[in-house]
Amino acid sequence: MHDRTIAELGAALERGECSSVELTRSTLDAIEQAAELNAFITLTPETALAEAAAADAARARGEAGPLTGVPIAHKDIFCTEGTRTSCASRMLDGFVPPYDAFVVSQLRAAGAVSVGKTNMDEFAMGSSNETSWYGAVRNPWDTGTVPGGSSGGSAAAVAARLVPGATGTDTGGSIRQPAALTGISGLKPTYGRISRYGMIAFASSLDQAGPMATTAEDLAIMLQAMAGFDRRDSTCVDQPVPDYRAALGDGNLRGLRVGLPREYFEADGVDSEVARAVEAAVEALREGGAEIREISLPNTGLAVPVYYVIAPAEASSNLSRFDGVRYGHRCDDPADLEDLYKRSRGEGFGEEVKRRIMVGTYALSAGYYDAYYLKAQQVRRMIRDDFARAFEEVDVIAGPTAPSTAFALGAKSDDPVQMYLSDIFTIAVNLAGLPALSVPAGFGGGRPVGLQLIGNHFDEACLLGAAHGYQQLTDWHTRRPSLEG
Amino acid sequence: MSIDADEVAQIAHLARLAVNAEVSQAHAQNLSEILAFVERLGAVDTTGVEPLAHPLEMTQRLRPDEVCEDNQRERFQAIAPLTEDGHYLVPRVIE
């Protein structure tokens, strides 16, 4: 029962095939049986069952929506009142927030049942989910490989059909890359589309929350609940929220103009099996009536270097709040205030987080600011302008989400630059503030491949419609891993 | 740009981070590789290009200067490592 889509579960609950309490119990059992994936940091069975009972009562009163009673999970970066929110860091191992994130309140108000908090890379810094203080997450397609990151726990949980949907965050690809590596659908909305209130900050000019699920239709249902204006996030944009599910249409792709950036298909290091699967996906779009055009995004190769100046610079500033004084880890017996800061942070943060704080500190330090940070901001504009020109000619841009399929645990842990290149196709989207999603588009060597579709600002409806149309023509999104045990 | 262990120590000090001596050499190597990787930006001609700080180029939204939050000191201090009489405690700063 628990392994169906959100749309199917909503309909089944409405028909009375089962109650939300029964569904939630079966979900919690499935999560327990899949413990080897290490997809969750914290489970909340008591509050989940209470929310499920409330959802059943709401349905009995005739007050049910599409998410009422449907179990979901939250990435452990979203603050949950009364439930530990660790950001997968020792720094916040004991942190129990006194308030809920906007996304958490919105989904609860829509009737969704939160079963727990998913594992992730520490402070969302990673592309493999190996930097978590709570250990690596395993890819349900092959437990010797990574699920991608940083929203790796959410991706693994949805891919293994433990929950039909989960929340994620995406600063440089952290929703789309794990979605691709685990064979699910994941959407990074436009910068500012969803309030970040209560979402622990990594890089503030890039961070955005979004939904992860198995189908584009389910992404639309979740986005509907998550989007909206919130004055408590000063970067949240006050834009009307369209009816995303209605905008899915009948899946007709006729007239959709799809751009193929030649740089995405000529890039070094793209696996031939990924390229083959994505080319087949583009062919499916063409057969479905889409018009395919070649375009150019000439500054594609500069996106990763720009990101690895801007994101660490912003992170070094955001993470200065962890000082061992107000909340979070505090070292024992500090000799003086400086010792308190240094050892609390040194003990609380893992090595990748320290690395990025130091890169950011260096890039922002006196004498280096112009050469690194200012230069990166200038190239950022060039990258954004490339997209603006492309969207004069096309409605969506298609390409691979990640250059390879899931790689072995440990394969890139000692080489940060190689790890950073896992996000070569996703990072430019964050720099430009655009919405983009990844949908399953086949397999290479038995491991999932993702098709990335990039849309214009606030055009999530078009993106979801294109993805929905693709999923009417293909059945990759229905494939699921077989879990042993 | 190559970073050595002494420079790692200086950067770590600026960031108020204790970094163990046994990993500072690895950090030096990683930081050097990352900086070498991002230095390709230096070759890009950006003459006349305005820096982009916000992807949608929006400016900070202002709100009326009104009280919209209650004082919740007890609630917030309940999660602090060390407090006393409503104060956060740190090692003595002024002798």
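The structure we're discussing is the one just above.
Residues numbered from 1 in each chain as written. Chains lettered and ligands numbered in written order. Predicted model: local features only at pLDDT ≥ 70, side-chain atom pairs only at ≥ 80, totals over all residues. Heavy atoms only, no water.

**A few points about the overall build of chain B**
Thinking step 1. Broken down by element type, chain B carries three helices and two strands.
Thinking step 2. Whereas a compact globule of 95 residues would reach a radius of gyration of roughly 12 Å, chain B reaches 22 Å, over 25% beyond that.
Thinking step 3. Taken along its principal axes, the extent of the C-alpha atoms in chain B is 55 × 45 × 25 Å.
Thinking step 4. By the burial criterion, 28% of the 95 residues in chain B qualify as buried.
Thinking step 5. When contacts within chain B are restricted to residue pairs at least 6 apart in sequence, long-range pairs at least 24 apart make up 30% of them. (Helix = DSSP H or I, 4+ residues; strand = E, 2+ residues; numbered from the N terminus. Rg over C-alpha atoms; globule rule 2.2 N^0.38 Å. Buried < 20%, exposed > 50% of the residue type's maximum accessible area, 1.4 Å probe, protein only. Contact = heavy atoms within 4.5 Å.)

**Section: the side chain of Gln452(A)**
Residues and elements named next belong to chain A.
Thinking step 1. If you trace the backbone, Gln 452 turns up in strand β11 (residues 447-455).
Thinking step 2. On the accessibility criterion, Gln 452 (1% relative accessible area) is buried.
Thinking step 3. Within the local environment of Gln 452, its side chain forms a polar contact with the side chain of Arg 176, the two groups lying 2.8 Å apart.
Thinking step 4. Within polar-contact distance, the side chain of Gln 452 engages the backbone oxygen of Phe 425 at 2.9 Å. (Polar contact = N/O pair within 3.5 Å; in protein donor to acceptor, adjacent residues only side chain to side chain.)

**Description of the interface of chain B and chain A**
Thinking step 1. Listed as interface residues are 52 residues of chain B and, on the opposing side, 70 residues of chain A.
Thinking step 2. Summed over both partners, the interface of chain B with chain A comes to about 5400 Å²; 68% of that surface belongs to carbon and sulfur atoms.
Thinking step 3. Among the residues of chain B in contact with chain A, Leu41(B), Leu52(B) and Arg61(B) are the three that bury the most area, contributing 12% of the side total.
Thinking step 4. Where chain B packs against chain A, one counts three salt bridges.
Thinking step 5. Measuring nitrogen to oxygen at the nearest pair gives 2.9 Å for the salt bridge that ties Glu57(B) to Arg381(A).
Thinking step 6. Between the two partners, chain B and chain A, sit 21 residue pairs in polar contact (both at pLDDT 80 or more).
Thinking step 7. For the side of chain B that touches chain A, the secondary-structure elements that each account for two or more residues are α1 (5-14), α2 (21-38) and α3 (73-77) of chain B.
Thinking step 8. Take the side of chain B that touches chain A: its biggest share by element is nine residues, from α2(B).
Thinking step 9. Here the side of chain B that touches chain A is built from residues that sort into 36 nonpolar, seven polar and nine charged. (Buried area = accessible area lost by both parts, 1.4 Å probe. Salt bridge = Lys/Arg side-chain N within 4 Å of Asp/Glu carboxyl O. Nonpolar A, V, L, I, M, F, W, Y, C, P; charged D, E, K, R; others polar.)

**Side note on the sheet that holds strand β6 (residues 209-213) of chain A**
Residue and element names in this part refer to chain A.
Thinking step 1. Strands sit in the order β1-β3-β2-β4-β6-β5-β10-β11-β9-β7-β8 across an open sheet of 11 strands; the sheet is mixed. Strands at the two margins of the open sheet, each flanked by one partner only, are β1 (40-43) and β8 (291-295). Pairs of neighbouring strands in the sheet enclose a mean axial angle of 30 degrees, with direction left out of account.
Thinking step 2. Pairing between strand β5 (residues 185-188) and strand β10 (residues 436-444): three bridges, direction antiparallel. Bridge pairing in β10 places Lys 188 opposite Ala 436.
Thinking step 3. Sheet strands in contact with helix α7 (residues 216-226) are β4 (165-169), β5 and β6, and its direction is about 145 degrees off that of β6. (Pairing = 2+ DSSP bridges. Axes fitted to C-alpha atoms, helices over the stretch in contact; angles between N-to-C directions.)

**Re the nonpolar core**
Residue and element names in this part refer to chain A.
Thinking step 1. In this structure, Phe 123 and Phe 387 are the most contacted members of the largest nonpolar core, which totals 145 residues.
Thinking step 2. Ranked by residues supplied to this core, first place goes to helix α11 (residues 303-318) with 10 residues.
Thinking step 3. With residues near it in sequence (within four places) discarded, Phe 123 still touches Cys 87, Ser 89, Met 91, Leu 92, Ile 200, Phe 202, Leu 319, Phe 322, Phe 349 and Val 353.
Thinking step 4. Of all hydrophobic cores here, the second largest spans 27 residues; its members include Ala 52, Ala 157, Val 158 and Ala 159. (Core = buried A, V, L, I, M, F, W, Y, C linked by side-chain atoms within 4.5 Å.)

**Some remarks on a nonpolar patch on the surface**
Thinking step 1. A cluster of nonpolar residues, Val90(B), Val93(B) and Ile94(B), forms a patch on the protein surface that exposes about 300 Å² of accessible area.
Thinking step 2. Counting through the fold element by element, Val93(B) comes out in the segment after β2 (87-88). (Patch = residues over 30% accessible without salt bridge, like charges linked within 9 Å, V, L, I, M, F, W, Y side chains within 5 Å. Areas by Shrake-Rupley, 256 points an atom, 1.4 Å probe, with all protein chains shown as cover.)

**Some remarks on helix α3 (residues 45-60) of chain A**
All names here are of chain A.
Thinking step 1. Between its first and last C-alpha atoms α3 spans 22 Å; for 16 residues at 1.5 Å apiece the expected length is 22 Å, and the two agree.
Thinking step 2. The complete set of buried residues in α3 reads Ala 48, Glu 51, Ala 52, Ala 55, Ala 58 and Arg 59. Considered in projection along α3, the buried side chains sweep an arc of 120 degrees and stay on one side of the axis. Residues of α3 that are exposed and point over 90 degrees away from its buried face: Glu 46 and Ala 60.
Thinking step 3. The inward-facing, buried residues of α3 contact α1 (6-15), α2 (20-33), α4 (102-109) and β3 (113-118).
Thinking step 4. Downstream of α3 by one or two residues, Gly 62 has phi in the positive range, about 80 degrees. (Expected span 1.5 Å × (residues − 1). Arc of directions from axis to C-beta.)

**Some thoughts on the pattern of salt bridges**
Thinking step 1. Here the structure, examined in full by the defined rule, presents 31 salt bridges over all chains.
Thinking step 2. Between Arg447(A) and Asp142(A) there is a salt bridge, with the nearest N and O atoms lying 3.2 Å from each other. Taken together, the positions of Arg447(A) in strand β11 and Asp142(A) in the loop between β3 and α5 (152-159) put the pair 305 residues apart, joining distant regions of the chain.
Thinking step 3. A salt bridge links Arg286(A) to Glu283(A); the shortest N-O distance between them is 3.2 Å. Here Arg286(A) pairs with Glu283(A), and both are found in helix α10 (residues 272-287), just three residues apart, close to one helical turn.
Thinking step 4. Look at Arg286(A) and you get partly exposed, because its relative accessible area is 42%.
Thinking step 5. Overall, the relative accessible area of 34% leaves Glu283(A) in the partly exposed class.
Thinking step 6. One network of salt bridges, with partners in common, ties together Arg381(A), Arg384(A), Asp385(A) and Glu57(B).

**Side note on the side chain of Ser195(A)**
Residue and element names in this part refer to chain A.
Thinking step 1. By secondary structure assignment, the location of Ser 195 is in the loop between β5 and β6.
Thinking step 2. Here Ser 195 falls in the buried class, since its relative accessible area comes to 1%.
Thinking step 3. Here Asp 230 takes part through its side chain, which lies 2.6 Å from a polar atom of the side chain of Ser 195.
Thinking step 4. Apart from the residues lying within four places of it in its own chain, the contact partners of Ser 195 are Phe 102, Val 103, Gly 228, Asp 230, Asp 233 and Cys 236.

**Notes on α10(A)**
All names here are of chain A.
Thinking step 1. The terminal C-alpha atoms of α10 lie 22 Å apart, and with 16 residues this matches the ideal 22 Å at 1.5 Å per residue to within 8%.
Thinking step 2. Those residues of α10 that fall on the buried side of the exposure criterion are Val 274, Ala 275, Ala 277, Val 278, Ala 281, Val 282, Ala 284 and Leu 285.
Thinking step 3. Once α10 finishes, Gly 289 follows within two positions and takes phi at roughly 110 degrees, a positive value.

**Structural notes on the pairing of β11(A)**
Residue and element names in this part refer to chain A.
Thinking step 1. Most of β11 sits inside the fold, with eight of its nine residues counted as buried.
Thinking step 2. Strand direction decides the pairing type here: strand β9 (residues 396-400) and β11, joined by five bridges, are antiparallel. Bridge assignment links Gly 399 to a residue of β11, and that residue is Gln 452.
Thinking step 3. Summarising the sheet, β10 and β11 pair through seven bridges and their orientation is antiparallel.

**Comments concerning the layout of surface pockets**
All names here are of chain A.
Thinking step 1. Reported here for the largest pocket is a volume of approximately 550 Å³.
Thinking step 2. Lining the largest pocket are 25 residues; nearest its centre among them are Tyr 99, Gly 198, Met 199, Arg 321 and Tyr 327.
Thinking step 3. Residue classes in the lining of the largest pocket are distributed as 14 nonpolar, five polar and six charged.
Thinking step 4. There is about 360 Å³ of room inside the second largest pocket.
Thinking step 5. As for the second largest pocket, its lining consists of 19 residues, and the residues nearest its centre are Ala 267, Asp 268, Gly 269, Leu 421 and Ile 424.
Thinking step 6. Looking at the lining of the second largest pocket, the elements with two or more residues in it are α9 (262-266) and α11. (1 Å grid on protein atoms, 1.4 Å probe; cavity = no way out; pocket = protein on both sides within 12 Å on 5 of 7 lines; lining within 4 Å. Points joined across faces, edges and corners; volume = space filled by probe spheres on them.)

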